[in-house]
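# Summary of structural features
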Amino acid sequence: ALGLDEGKKTAVIFPHIFWDGTFFYGTDLFGSYEEWFVETMKVACANSHINWIVKIHPANLVKNARDGVGSEPSELTAIRSLGEAVPPHVRIIQPDSRMSTLSLYSVTDYCVTVRGTVGIEAASFGIPVLTAGTGRYDRRGFTIDSDSRAQYIERLRHIHKTPPLSAEQRDLAERFAYGIF
């Protein structure tokens, strides 16, 4: 459905809602979720070694409906702020898509988030998770956590060289998920 290049690995970026209250929990590598997303998208657009998927958070629709707002999701506005068309190796999944996060795990080789719950889920499926901030599950042995923006950006640039999770790392993620969920 996404027209992915089957000869490449796939990374999925799971943006947080830019106004999400979870930004105030933990320590972040970037000043805001929007800044993190824009910087992550710059790397994704430049790294054609892999397929990139951006799964726009469906909560955008809920908030817009609740508030009577018809504007587009802020992630799409942020993408346009980059000034260029999204390259063909980057796919955007709209918030109203029927494609679930669960269905994406079967094609996901890497998960990218700041601290979203999706990181726990992806690691439980054996998918390496790159985080850009601390939270409930960083530094527990099953995520790739960066100590600086530069380290995070460098890891994204070479994400296609990141090995899969070991059986031990997946077990840690599964145990953590079992306990928290």
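Described below are features of the structure shown in this document. As a convention, each chain's residues are numbered from 1 in the sequence order in which they are written. Local features in this predicted model are restricted to residues whose pLDDT is 70 or higher, and side-chain atom pairs enter the listing and the counts only when it is 80 or higher, whereas totals over whole chains, interfaces and linings include all residues. To get the side-chain values, take all heavy atoms of the structure and skip hydrogens and water.

## Looking at the sheet that holds strand 6 (residues 144-145)
- Whether two strands pair depends on DSSP finding at least two bridges between them. The way it works is that DSSP assigns letters per residue, a run of H or I at least four long becomes a helix, a run of E at least two long becomes a strand, and they are numbered from the N terminus. Pairing is parallel in the open sheet, where 6 strands are placed in the order 3-2-1-4-5-6. Two strands bound the open sheet, and with one partner strand each, they are strand 3 (90-93) and strand 6.
- Examined bridge by bridge, strand 1 (residues 10-13) and strand 2 (residues 51-55) share 4 bridges and lie parallel to one another. Among the inter-strand pairings, Thr10 is bridged to a residue of strand 2, identified as Asn51.
- The sheet strands contacting helix 1 (residues 33-46) are strand 1, strand 2, strand 3 and strand 4 (110-112), and the helix crosses strand 1 at an angle near 160°. In this analysis, two residues are considered to be in contact whenever any of their non-hydrogen atoms come within 4.5 Å of each other. A fitted line through C-alpha atoms represents every axis, and for helices the fit uses only the stretch in contact; the resulting angles, taken between N-to-C directions, go from 0 to 180 degrees.

## Here we look at the pairing of strand 2
- For every residue, the accessible area obtained with a 1.4 Å probe (protein chains only) is divided by the maximum for its type, and the residue is called buried under 20%, exposed over 50%, and partly exposed between those limits. Counting buried positions along strand 2 yields 5 of 5 residues, so the element is predominantly enclosed.
- Strand direction decides the pairing type here: strand 2 and strand 3, joined by 4 bridges, are parallel. Paired with Trp52 across the two strands is Val90, which belongs to strand 3.

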